[in-house]
Amino acid sequence: MAEFAAWLHATAVSQTIQSVGWIVPLVQCIHILMIGIVFVSSLMIALRVLGRMRADEPFELVWLRFAPWMWRALLVMAITGVVLIVGEPGREFGATSFWVKMVLLVVALLVTLRLGRAPASAAARPLAVGLIVLWIGVIFLGRAIAYDVEVWQSLSSHT
Amino acid sequence: MEFAGLVNDIQASAIGEWMRSSLKAMPVVEATHVLAATMVFGTVLIVDLRLLGIPNATRAFTRISDELLRLTWWAFGLAVVTGSLMFAANANTYVINTAFRLKMLALLAAGINMAIFQGATLRGVGGWDVGVAPPRAARLAGLLSILLWVTVIMLARWIGFTKGYNFVVPDDPNIKFDF
Amino acid sequence: MEMKKKAGLFQVAASLALVAGVAATAPAIAHHSFALYNMEQTLMFTGVVTRVNPDANHLQIFFAPMNEERKNVQRGEDGKPVIWAVEMTGSAQAAADGISVGTFPPGTIFSVGLHPLRSGEKAGARVNPGSIYKCPEKKPPAPGMQCDSVEGHVTIGGGQLPGAAPAR
């Protein structure tokens, strides 16, 4: 992994992202705005499953309202995320927070797909709570990448 | 000068000292601040888009705003608390940071925009609550709100990239340089 | 109606002003946030602290380097002290090592080795591993010497004087 990070770091794309000062801050801004859309769209879907939001509307209507926004914002979030990784591969791959975040992200997506297909199943309510917790975890870990040693101490893959 | 003294007192406070020296405090507080900010933006966006007729006007505006703005205010409160803690850790640097100053201005503008909307435009909501396009003033308020909150978040991220290496900060005039 | 129009104009004007403001700050970031340090070069300084920026991600000490005689600081053509900055770990890690706003008040004399920015700006990253030495209050070292030579100095970070670059 470290070798791959070193190779990526040396590529022309990575060098450009590193040397053009405004790219990383701007891409981070877009990344955070997209997280706002993804997180709150997921929250709306989860709260509807729990009957805490738009209970007067059928689930399908709520899903149709928020799922498309969620998926599109997720796509932009993924693209901007890749740009940030290419720009600083060592920082991302070297952080325990990054890997845990990726795992939580994949689980959150699987949970979302499951909720969309079976919103009335017995597992739907715990899954909805889980989805909210997972996204909070993803957001926390995203910020924690900058503080890997402080947060994970001996479990940090840095140092 | 009094303002600078106050800012310095905030930085010198026990809370500021704790935020600076605790290994866990800053990551947790910053992450919570990001969480709160994304929640404010996401919830406000839904209400603002509804004012612009996106995706449609079938659900009553007051209903959408009532159910979402509760979440917005909770998240905003959390953002203010965590933001204040971050400010206390390094107040002297933040107050001279251009991005930080502009962010506070943008927050103020977003507040004024909201106050005008709530105080004036919303009075006639009965006529456009459901099924019809909101009046121009309401659409304008929605559009501005989106632009201002995007600006707030962008400026917030900009602070992180501009708060270091500031050589223009005035030095203490009493420093002794000759020995 | 007239009121509303005015309010609308204010809103638009305020937003435009802000967007312009963002655009104006944009170039400012370009020059050091991602600048690389020249890790091959080590500069050794003994200087007088002017300010500490207890940044959460990278604490910075701003200082005026002393002259070779250690009787005063280096000054520019305008007679004002030349200011350098040294950047290190975040404020919490630095505090654990004994570096904070409280332990490095303005006027503190200290010696540090740094890898300068490639951009040529007067700043750099602390040499690590490598010690920082704090002189006793108001007691600069002898000409050409660093704080580690002064009796009663405080050593921060286990190690030795970083690098063998010419003293400044």
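In the block above lies the structure referred to throughout.
Here the structure is a predicted model, which means the values were calculated and not measured. (Residues numbered from 1 in each chain as written. Chains lettered and ligands numbered in written order. Predicted model: local features only at pLDDT ≥ 70, side-chain atom pairs only at ≥ 80, totals over all residues. Heavy atoms only, no water.)

Chemist: What should I look at first to understand the overall build of chain C in this one?
Modeler: In terms of helices and strands, chain C carries 2 helices and 7 strands. From first element to last, N terminus to C terminus, chain C shows the α and β order α-β-β-β-α-β-β-β-β. Out of the 168 residues belonging to chain C, those deemed buried represent 50%. Contacts in chain C between residues at least 24 apart in sequence constitute 64% of all its contacts with a sequence separation of at least 6. (Helix = DSSP H or I, 4+ residues; strand = E, 2+ residues; numbered from the N terminus. Buried < 20%, exposed > 50% of the residue type's maximum accessible area, 1.4 Å probe, protein only. Contact = heavy atoms within 4.5 Å.)

Chemist: Even after reading the chapter, I still don't get the pairing of strand β3 (residues 84–87) of chain C, so can you show me in this structure?
Modeler: Residue and element names in this part refer to chain C. Of the two faces of β3, both are covered, the one formed by Trp84 and Val86 as well as the one formed by Ala85 and Glu87. Looking at chain direction, β3 and strand β5 (residues 123–126) are connected through 3 bridges and run parallel. Within β5, the position partnered with glutamate 87 by the bridge is alanine 125. (Pairing = 2+ DSSP bridges.)

Chemist: Explain the interface of chain B and chain A here, please?
Modeler: It is common to give the size of an interface as the accessible area lost on bringing the parts into contact. On the side of chain A, 30 residues touch chain B, which itself brings 32 residues to the contact. A buried area of about 3000 Å², summed over both sides, lies between chain B and chain A, and 76% of it is on carbon and sulfur atoms. Of all residues in chain B, B:Leu35, B:Arg59 and B:Arg157 give up the largest surface area on contact with chain A, accounting jointly for 18% of the area buried on that side. The interface formed by chain B and chain A includes 5 salt bridges. Note that A:Arg54 is salt-bridged to B:Glu67, the shortest N-O span being 3.5 Å. The tally of links from chain B across to chain A stands at 8 residue pairs in polar contact (both at pLDDT 80 or more). Every element with two or more residues in the side of chain B that touches chain A is listed here: α3 (25–51), α4 (61–89) and α7 (136–162) of chain B. It is α3(B) that contributes the most residues to the side of chain B that touches chain A, 16 residues altogether. Among the residues making up the side of chain B that touches chain A, the classes are represented as 22 nonpolar, 4 polar and 6 charged. (Buried area = accessible area lost by both parts, 1.4 Å probe. Salt bridge = Lys/Arg side-chain N within 4 Å of Asp/Glu carboxyl O. Polar contact = N/O pair within 3.5 Å; in protein donor to acceptor, adjacent residues only side chain to side chain. Nonpolar A, V, L, I, M, F, W, Y, C, P; charged D, E, K, R; others polar.)

Chemist: Is there a simple way to explain the packing of aromatic side chains in this structure?
Modeler: Each aromatic ring pair is specified by the distance between its two centres and by the angle formed by the two planes. All chains considered together, the criterion is met by 18 aromatic pairs over all chains. Summarising the aromatic geometry, the rings of C:Phe45 and C:Phe63 are spaced 5.4 Å apart at their centres and angled 70° between planes, so their arrangement reads as edge-to-face. Of this pair, C:Phe45 sits in strand β1 (residues 43–53) while C:Phe63 sits in strand β2 (residues 60–65), and the two are 18 residues apart along the sequence. The exposure classification of C:Phe45 matches that of C:Phe63, with both residues buried. An aromatic cluster of three or more residues is present, and its members are A:Phe4, A:Trp7, A:Phe93, A:Phe98 and A:Trp99. The side chain of B:Lys176 reaches across the aromatic face of B:Phe179, ending 5.3 Å from its centre. Here C:Arg51 stacks its cationic end above the ring of C:Phe62, 4.3 Å away from the centre of that ring. (Phe/Tyr/Trp six-rings, centres within 6.5 Å; stacked < 30°, edge-to-face > 60°. Lys NZ or Arg CZ within 6 Å of the ring centre and 35° of its normal.)

Chemist: Any chance you could explain unusual backbone geometry here in plain terms?
Modeler: It is generally the case that most residues other than glycine have a negative phi and that most peptide bonds are trans. The omega angle of the peptide bond from B:Ile54 to B:Pro55 is 0°, so this bond is cis rather than trans. Note on placement: B:Pro55 falls in the loop between α3 and α4. For C:Arg70, which is not glycine, the phi torsion reads 60° and is therefore positive. Within the element layout of this structure, C:Arg70 appears in the loop between β2 and β3.

Chemist: I tried to follow the interface of chain B and chain C on my own but got confused; where do I start?
Modeler: Facing the 39 residues of chain B at the interface are 55 residues of chain C. Interface area, chain B with chain C, both sides summed: about 3900 Å², of which 69% is carbon and sulfur. Taken as a group, B:Tyr165, B:Phe177 and B:Phe179 account for 24% of the area that chain B buries against chain C, more than any other trio of residues on that side. Across the chain B-chain C interface, the total number found is 1 salt bridge. On inspection of chain B and its partner chain C, the count reaches 11 residue pairs in polar contact (both at pLDDT 80 or more). If you list the elements that add at least two residues to the side of chain B that touches chain C, you get α2 (14–21), α3, α6 (98–119) and α7 of chain B. Across the side of chain B that touches chain C, the residue classes tally to 21 nonpolar, 11 polar and 7 charged.

Chemist: Looking at this structure, how should I read the nonpolar core?
Modeler: Considering soluble globular proteins, one finds that nonpolar side chains tend to be buried as a cluster. If you look at the biggest cluster of nonpolar residues, it comprises 68 residues, and the most contacted ones within it are A:Met44, A:Met77, A:Trp135, B:Leu68 and B:Leu71. Broken down by secondary-structure element, the contributors of at least two residues to this core are α3 (23–49), α4 (59–87), α6 (96–117) and α7 (124–144) of chain A together with α3, α4, α6 and α7 of chain B. A total of 14 residues in this core trace back to one element, the largest contributor, which is α3(A). In contact with B:Leu68, not counting residues within four places along its chain, are A:Met44, A:Met53, B:Thr43, B:Ile46 and B:Val47. The next biggest cluster of nonpolar side chains, apart from the first, holds 20 residues, and it includes B:Val95, B:Phe100, B:Met154 and C:Ala56. (Core = buried A, V, L, I, M, F, W, Y, C linked by side-chain atoms within 4.5 Å.)

Chemist: It is not clear to me how a nonpolar patch on the surface should be interpreted in this structure. Could you clarify?
Modeler: All names here are of chain A. Among the surface-exposed residues, Met1, Phe4, Trp7 and Trp99 lie close enough to one another that they form a single nonpolar patch of about 470 Å² accessible area. Here methionine 1 lies in the segment before α1 (2–10). Looking at methionine 1, the relative accessible area reads 54%, which means it is exposed. (Patch = residues over 30% accessible without salt bridge, like charges linked within 9 Å, V, L, I, M, F, W, Y side chains within 5 Å. Areas by Shrake-Rupley, 256 points an atom, 1.4 Å probe, with all protein chains shown as cover.)

Chemist: Whenever I open this one, the state of the cysteines confuses me. Can you help?
Modeler: In a disulfide, the sulfur atoms of two cysteines are held together by a covalent bond. Residue and element names in this part refer to chain C. Under the defined criterion, the tally for this structure stands at 1 disulfide over all chains. Through a disulfide, cysteine 135 is tied to cysteine 147; the S-S separation comes to 2.0 Å. Looking along the S-S bond of the cysteine 135-cysteine 147 disulfide, the torsion reads about -100°, which is the left-handed sense. In this pair, cysteine 135 sits in the loop between β6 (132–134) and β7 (154–156) while cysteine 147 sits in the loop between β6 and β7, placing the two residues 12 residues apart along the sequence. Of the residues examined, cysteine 135 reaches a relative accessible area of 7% and is grouped as buried. Take cysteine 147: its relative accessible area is 0%, and that puts it in the buried class. (Disulfide = S-S within 2.5 Å.)

Chemist: Looking at this structure, I do not really get the environment of B:Ser21. What am I missing?
Modeler: Mapped onto the elements of the fold, B:Ser21 is located in helix α2. Remark: the alpha-carbon pair of B:Ser21 and B:Ala89, spanning 68 residues in sequence, is separated by 9.0 Å. When neighbours within four sequence positions are excluded, B:Ser21 is seen to be in contact with C:Ala92 and C:Ala95. Within polar-contact distance, the side chain of B:Ser21 engages the backbone oxygen of B:Glu17 at 2.7 Å.

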